[in-house]
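# Examining the three-dimensional arrangement
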Amino acid sequence: MIQSNIAPLGMAVAPHHLASESALAVLREGGNAIEAMVAAAATIAVVYPHMNGLGGDGFWLIVPPKGDPIAIDASGAAGSLADRAFYEGLASIPHRGPKAALTVAGTVSGWAEALTISAEFGGTPTPVARLLADAIRYAADGIPVTQSQSAATESKYHELAKQPGFAHTYLPDGEVPKAGSRFTQPELANTLSLLTEDGLESFYRGPLANKLASEMSRLGMPVTLEDLNNHRAKRRVPLRIQHEYGEVYNMTPPTQGLVSLAILGITDRLNMAEADEAQTVHRIVEATKLAFSLRDRYITDPLHMREEMQALLDSDVLATLANQVDEQKAAPWGTGKGPGDTVWMGVMDSSGMAVSFIQSIYHEFGSGVVLPDTGITWQNRGAAFSLDPDHLLTLVPGKQPFHTLNPAAARLNDGRTMVYGSMGGDGQPQTQAAIFTRHVVQGMPLQQCISAPRWLLGRTWGQASDSLKLESRFSEHTFAQLRALGHDVEALPDYSEAVGHAGAIVRHTNGMLEGACDPRSNGSAAGF
């Protein structure tokens, strides 16, 4: 049997077991779920460096025991030098190199804002030095390289090896590190130590910020010290929908949280409880196409949007879209945004505090640029901008780029609370829909629904195909049914990383915490 882990006092789920254990240690010492998540976020930045880091962005969805959920947008804007003239002669923004590293990194500001919120809920704050202690030790003393990191380095070697600082940091002895080998990051250990001494704000306003800005200028990145000084994480009111089974929450623009909620809002009208495997996939895929159309029409920096997304969710738009789903035929569609490497993590504590969290540098190893003497790999999230002046996502200095990142949570009608999410670009809302539908609507046990075969409508890394890709563990009958419905179906390997690293935690009405992690990752669901 595939079993979830259940514990009475605390639960942490992460795609790397060392991050889960960092969170769990803070919970055991009396820290709350927010503090535990900061510890996990610091550790995962060290142990999964190809998917996230201090040079990226983060989004928080905090669900307190009582009261409204709180969201944190810790994503950075385009640098003040990042205008279209900076990319003169290019058809699009490159995905690698200093010109790809064009936005402020917001991750650390999110940690700081989350700890401010934590203090507002009372209790004795856990020192930042304690929260970052595991991360510092792992960076200084070394971690075992995961197969995921080794494979990502190998597959993208030709894109990354010559980027500033990459070989020095990620190619010890000039070679791709083998899975299981010891990997140290002494410069990153020193940077993390500086954050404990000078405070997290020093990343943006302090000696570390001055150092970062100097190196960015030397490398020709369009981000300045003033850009760092001006950055602050923003609190948001999460988007929400009222589903038949409860209230579901997600992140505001510039993320595609709208997509994840729209899929559930559409499928809520399609009798998913009685859908077989093929119809479950078909209906969610058709809802995904419709939700992507909303995303591509509206989502950008909220300061540049004319429509209010909560009002759209509260309108009859989703009902109208649900009427467009043909249960007997797949609709055509164009192309998606593509994949993205990310980490989703969840934590719940004994007080009832729950956190759903995402941290990312976009593509694997982001821009590939590692700032000298810092160990910080800078993200390439700004590659989501367009150089077309008439495009919704046109590049403007100070504008936030579009994000696929969106952590999810729900308060269910039966009294349970759930946090869940996944990595994976276009796949994130699809995987969220699979988890919620299978577990909440169809009653599949939590760990089984995380482990069960999944699908991806869209492209995987290195592929231009926007087909419907299914893990090979789906039955031949399901493959045949989906082809008969008109889907362009391709097979993925069993337990493919292409469908993301998912996870979930559920608080039951008796206070027990049930966690499930993805066998496709190096993760764990750790509780006590």
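Since we're looking at a predicted model, the values are computed, not measured.

## Thoughts on the domain arrangement of the chain
Many structure descriptions define interface size as the accessible area lost when the parts assemble. Entries for the chain in the domain assignment read domain 1 (5–235 + 344–384) and domain 2 (236–340 + 404–522). Computed from C-alpha atoms alone, the centre-to-centre distance between domain 1 and domain 2 is 25 Å. Taken together, the 52 residues of domain 1 in the interface contact 45 residues of domain 2. The three residues of domain 1 that bury the most area against domain 2 are Phe-59, Trp-344 and Met-348, which together make up 19% of that side's buried surface. One salt bridge in this structure joins Arg-236 and Asp-73, with 3.6 Å as the shortest N-O distance. In this assembly, domain 1 and domain 2 are joined by 13 residue pairs in polar contact (both at pLDDT 80 or more). Elements that contribute at least two residues to the side of domain 1 that touches domain 2 include exactly β1 (5–7), β2 (10–14), β3 (57–63), β4 (70–74), β7 (234–236), β10 (341–349) and β11 (354–362). It is β11 that contributes the most residues to the side of domain 1 that touches domain 2, seven residues altogether. When the residues that make up the side of domain 1 that touches domain 2 are grouped by side-chain class, the tally is 29 nonpolar, 14 polar and nine charged.

## Thoughts on the pairing of β4
Summarising burial for β4: five of the five residues are buried, a large majority. What you see with β4 is no split at all: Ile-70, Ile-72 and Ala-74 on one side and Ala-71 and Asp-73 on the other are buried throughout. In this structure, β3 lies alongside β4, joined through five bridges in antiparallel fashion. Across the sheet, residue Gly-58 finds its bridge partner in β4, namely Ala-74. Between β3 and β4, which follow one another and run antiparallel, lie six residues, and Gly-67 among them has a positive phi close to 95°. As paired elements, β4 and β7 share three bridges and run antiparallel to each other. In the sheet register, Ile-72 faces β7, and the bridge partner there is Arg-235.

## Observations concerning the packing of helix α13 (residues 277–298) against helix α16 (residues 427–441)
Between α13 and α16, the least distance of the axes is 10 Å, while the angle of their chain directions is 140°. Relative to α16, the element α13 is oriented oblique. The way α13 lies across α16 gives a crossing that is right-handed. The segment α13 lies against α16, with Thr-280, Ile-284, Thr-288 and Phe-292 engaging Pro-429, Gln-430, Ala-433, Ala-434 and Thr-437. Split by residue class, the contact of α13 with α16 holds five nonpolar, four polar and no charged.

## Focus: the nonpolar core
One finds Leu-54, Trp-60, Trp-111 and Phe-203 to be the most contacted residues of the largest nonpolar core, which totals 82 residues. Counting residues in hydrophobic clusters, the runner-up holds 59 residues, among them Val-259, Ala-291, Phe-402 and Ile-450.

## Let's talk about the side chain of Ser-386
Looking at the secondary structure, you find Ser-386 in the loop between β13 (376–377) and β14 (408–412). Taking relative accessible area as the criterion, Ser-386 reaches 15% and is therefore assigned buried. Only 3.0 Å separates the side chain of Ser-386 from the backbone nitrogen of Asp-388, close enough to count as a polar contact. Non-local contacts of Ser-386, meaning those with residues more than four positions away in its chain, are made with His-391, Leu-393, Thr-394 and Leu-395.

## Re the pairing of strand β15 (residues 417–422)
The buried count for β15 comes to six of six residues, which makes it a mostly enclosed element. Going residue by residue along β15, you find Thr-417, Val-419 and Gly-421 tucked away on one face and Met-418, Tyr-420 and Ser-422 tucked away on the opposite face as well. Two elements, β14 and β15, share four bridges in a ladder whose sense is antiparallel. Each residue of the ladder has a partner; that of Arg-411, found in β15, is Thr-417. A loop of four residues connects β14 with β15, the two strands running antiparallel in sequence, and Gly-415 in this loop sits at a positive phi of about 100°. In this structure, β15 lies alongside strand β19 (residues 502–507), joined through six bridges in antiparallel fashion.

## Structural notes on empty space enclosed by the protein
Over the atoms a probe the size of a water molecule is rolled, and this reveals where empty space is left. Tallying each qualifying case throughout the model produces one cavity of 30 Å³ or more. Of the volumes computed, that of the largest cavity is approximately 80 Å³. In terms of lining, the largest cavity is formed by Ala-45, Pro-49, Asn-52, Gly-53, Leu-54, Tyr-170, Gln-185, Leu-188, Ile-361, Gly-375, Ile-376 and Thr-377. Of the residues belonging to the lining of the largest cavity, the class tally is seven nonpolar, five polar and no charged.

## Digging into unusual backbone geometry
Cis geometry marks the peptide bond from Pro-253 to Pro-254, where omega comes out at 15°. Structurally, the position occupied by Pro-254 is in the loop between β9 (246–250) and α12 (257–267). Of note, the phi angle at Asp-373 is positive, near 65°, even though the residue is not glycine. Mapped onto the secondary structure, Asp-373 falls in the loop between β12 (370–371) and β13.

## Section: helix α3 (residues 107–120)
Between its first and last C-alpha atoms α3 spans 20 Å; for 14 residues at 1.5 Å apiece the expected length is 20 Å, and the two agree. For α3, the tally of buried residues reaches eleven of 14 residues, placing the bulk of the element in the interior. Among the residues making up α3, those that are buried are Thr-107, Val-108, Ser-109, Gly-110, Trp-111, Ala-112, Glu-113, Ala-114, Leu-115, Ile-117 and Ser-118.

## With respect to the sheet that holds strand β16 (residues 455–457)
Strand order in this open sheet of three strands is β16-β17-β18, and the pairing throughout is mixed. With partners counted over all chains shown, the strands left at the sheet margins are β16 and β18 (489–492), one partner each. Within the sheet, the average angular offset between the axes of one strand and its neighbour, ignoring direction, is 25°. Relative to β18, strand β17 (residues 468–471) runs parallel, the two sharing four bridges. Considered in β18, the bridge of Glu-471 is made with Leu-492. Docked against the sheet, α13 engages β16 and β17, running at close to 30° with respect to β16.

The rules we used
- Residues numbered from 1 in each chain as written.
- Predicted model: local features only at pLDDT ≥ 70, side-chain atom pairs only at ≥ 80, totals over all residues.
- Heavy atoms only, no water.
- Domains from an automatic or database assignment.
- Contact = heavy atoms within 4.5 Å.
- Buried area = accessible area lost by both parts, 1.4 Å probe.
- Salt bridge = Lys/Arg side-chain N within 4 Å of Asp/Glu carboxyl O.
- Polar contact = N/O pair within 3.5 Å; in protein donor to acceptor, adjacent residues only side chain to side chain.
- Helix = DSSP H or I, 4+ residues; strand = E, 2+ residues; numbered from the N terminus.
- Nonpolar A, V, L, I, M, F, W, Y, C, P; charged D, E, K, R; others polar.
- Buried < 20%, exposed > 50% of the residue type's maximum accessible area, 1.4 Å probe, protein only.
- Pairing = 2+ DSSP bridges.
- Axes fitted to C-alpha atoms, helices over the stretch in contact; angles between N-to-C directions.
- Parallel < 35°, antiparallel > 145°, perpendicular 65-115°, else oblique.
- Left-handed = near helix turned anticlockwise from the far one by under 90°.
- Core = buried A, V, L, I, M, F, W, Y, C linked by side-chain atoms within 4.5 Å.
- 1 Å grid on protein atoms, 1.4 Å probe; cavity = no way out; pocket = protein on both sides within 12 Å on 5 of 7 lines; lining within 4 Å.
- Points joined across faces, edges and corners; volume = space filled by probe spheres on them.
- Expected span 1.5 Å × (residues − 1).

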